[in-house]
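Understanding the architecture of this molecule
Each chain is listed here by its residues.
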Amino acid sequence: WYQRRVRVSDRDPILPHDSDSDLAADDTELGVIANPNVNGTDLPTENGEKPLEEWELNRVYDTIGVGWAQVIFWIISFLIAYSDYAELTLIALIIPYLRCEWDLTEEFEATITITIFLIYAISALIFGKVSDIYGRKRVMSITIVILIITAIGAALATNKYLFLFWRSIAGACIGANFATVVVYSTEFSPASHKSIGPLIALMGSYVSMFLVNVVGFLTINQLGWRWVIIIITIPCIPAWILLMVMPETPRYLCVSGKEKEALKAVVSTQSTGESGVGNDQGML
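First, a word on what this report is: a plain description of the structure on this page. (Residues numbered from 1 in each chain as written. Predicted model: local features only at pLDDT ≥ 70, side-chain atom pairs only at ≥ 80, totals over all residues. Heavy atoms only, no water.)

A separate point is the nonpolar core. Of all hydrophobic cores here, the largest spans 47 residues; its most connected members are Ile94, Leu98, Ile112, Phe163, Trp225 and Ile229. Elements that contribute at least two residues to this core include exactly helix H2 (68–102), helix H3 (106–134), helix H4 (136–155), helix H5 (160–186), helix H6 (196–223), helix H7 (225–233) and helix H8 (236–245). Counting residues per element, this core draws most heavily on H2, at 17 residues. Those residues within four positions of Ile229 in sequence are excluded, and the remaining contacts are Leu90, Ile94, Ala151, Ala154, Ala155, Phe163 and Arg167. (Core = buried A, V, L, I, M, F, W, Y, C linked by side-chain atoms within 4.5 Å. Buried < 20%, exposed > 50% of the residue type's maximum accessible area, 1.4 Å probe, protein only. Helix = DSSP H or I, 4+ residues; strand = E, 2+ residues; numbered from the N terminus. Contact = heavy atoms within 4.5 Å.)

Moving on, we come to the environment of Ile232. When you line up the elements, Ile232 lands in helix H7. Residue classification places Ile232 among the buried residues on the basis of a relative accessible area of 1%. Taking the C-alpha atoms as reference, Ile232 lies 9.8 Å from Asp84; in sequence the two are 148 residues apart. Discounting residues that sit within four places of it in the chain, Ile232 has contacts with Tyr82, Ala86, Glu87, Leu90, Val212 and Val215.

Another aspect to go through is the packing of H2 against H3. Running from N to C, H2 and H3 point in directions that differ by 170°, and their axes come no closer than 10 Å. On the basis of their axis angle, the class for H2 and H3 is roughly antiparallel. For the pair H2 and H3, the contacting residues are Tyr85, Leu88, Ile91, Ile95 and Arg99 in the first and Glu109, Ile112, Thr113, Ile116, Phe117 and Tyr120 in the second. For the contact of H2 with H3, the residue count by class is 8 nonpolar, 1 polar and 2 charged. (Axes fitted to C-alpha atoms, helices over the stretch in contact; angles between N-to-C directions. Parallel < 35°, antiparallel > 145°, perpendicular 65-115°, else oblique. Nonpolar A, V, L, I, M, F, W, Y, C, P; charged D, E, K, R; others polar.)

Judged by side-chain polarity, Val145, Ile149, Ile237, Trp240, Ile241, Met244 and Val245 come together as a nonpolar surface patch covering roughly 590 Å² of accessible area. Of all elements in the fold, only H4 and H8 reach the threshold of two or more residues within the nonpolar patch. The biggest single contributor to the nonpolar patch is H8, with 5 residues. Taking the relative accessible area as the measure of exposure, Met244 reaches 33% and is therefore partly exposed. (Patch = residues over 30% accessible without salt bridge, like charges linked within 9 Å, V, L, I, M, F, W, Y side chains within 5 Å. Areas by Shrake-Rupley, 256 points an atom, 1.4 Å probe, with all protein chains shown as cover. Salt bridge = Lys/Arg side-chain N within 4 Å of Asp/Glu carboxyl O.)

What follows covers the pattern of salt bridges. In this structure the tally under the stated criterion is 4 salt bridges. Among the salt bridges present, the one from Glu109 reaches Arg99, with a minimum N-O distance of 2.5 Å. Pair noted here: Glu109 is in helix H3 and Arg99 is in helix H2, with a separation of 10 residues, a long-range link. By relative accessible area, Arg99 is classed as partly exposed at 37%.

Tallying each qualifying case throughout the model produces 7 aromatic pairs. Ring geometry for Phe73 and Tyr184: centres 5.3 Å apart, planes at 85°, overall edge-to-face. Of this pair, Phe73 sits in helix H2 while Tyr184 sits in helix H5, placing them 111 residues apart in sequence. Taken individually, Phe73 and Tyr184 each receive the classification buried, so the pair is uniform in this respect. Counting every residue linked through ring pairs, the aromatic cluster contains Trp102, Phe163 and Trp225. When the ring centre of Phe108 is taken as reference, the NZ or CZ atom of Lys160 above it lies at 4.8 Å. (Phe/Tyr/Trp six-rings, centres within 6.5 Å; stacked < 30°, edge-to-face > 60°. Lys NZ or Arg CZ within 6 Å of the ring centre and 35° of its normal.)

On to the packing of H2 against H6. Close contact between H2 and H6 brings their axes to 6 Å; oriented N to C, the two are set at 35°. Seen along the crossing, H2 lies across H6 with a hand that is right-handed. When its residues are assigned to classes, the contact of H2 with H6 shows 19 nonpolar, 9 polar and no charged. (Left-handed = near helix turned anticlockwise from the far one by under 90°.)

Among the secondary structure elements, Ser123 is positioned in helix H3. Owing to a relative accessible area of 4%, Ser123 belongs among the buried residues under this scheme. Here Ala172 takes part through its backbone oxygen, which lies 3.0 Å from a polar atom of the side chain of Ser123. Ignoring any residue separated from it by four or fewer positions in sequence, one finds Ser123 in contact with Gly171, Ala172, Gly175 and Ala176. (Polar contact = N/O pair within 3.5 Å; in protein donor to acceptor, adjacent residues only side chain to side chain.)

The subject of this paragraph is unusual backbone geometry. Trans is the prevailing form of peptide bonds, just as negative phi is the prevailing case for residues other than glycine. In this structure, Asp103 takes a positive phi of about 55° despite not being glycine. The residue Asp103 is located in the loop between H2 and H3 in this model.

As a further point, take H5. Taking 1.5 Å per residue as the helical rise, H5 with its 27 residues ought to reach 39 Å, and the 39 Å between its terminal C-alpha atoms agrees with that figure. For H5, the N-terminal cap is Asn159; the gap from its side-chain oxygen to the backbone nitrogen of Tyr161 is 3.0 Å. (Expected span 1.5 Å × (residues − 1).)

Right, dumping it as structure tokens:
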């Protein structure tokens, strides 16, 4: 075992004083921001609790508390979940119009629905691991952009095969987003608030099911199904903008060996209270 340590506030220490560490000789409390082991597996602590790396990062955010950054993460969760489930609900809304315009058979209608949900399920499993490798923020920022492109492509589709192609890619993006955004929001939250991110994401999915039908009722006969696809995708834009101004999760950065960036992410998202990590300069 080896420990990478960061200096924290001596007013509100995250960990008890470590008398065995040379780094603690100046009586300034030290906190462990990452504690990877040499073979890459999670080893249990002596008292049988969770691995030290995950436990300590949770303790960091328990000290920091909830502030503006956590609220932004929850807004991102809501917008992405809303956009994802809106895209899924949209299919049931526009299928009757596609049937009239392209003379769809019942078999092809079933193919559209099955293909989208099948790719959605597979991508949710795959992109969980992909986000562990490349980062949650990077994966979501790319898939949101692709989702917007697929909405434009589907709206401009001239035949049923192009429509199926663009919607299939959208299904992959939806699965990737929903599997990643919950992890992204919870990794920035203290233990007492970790359930809020998934709950807000679930609320976004329910709200989308209602609003998609309202938007369709008000606009689809006047503007057509193509414009409805564009309108439904609009929440992806503020979600992407908010995502760009927020950092990557410290846990991913620690696992990737980027402790300095992890500490900066912690400092940049701490609340304005007296407790917290403090300055991010020269602490590793």
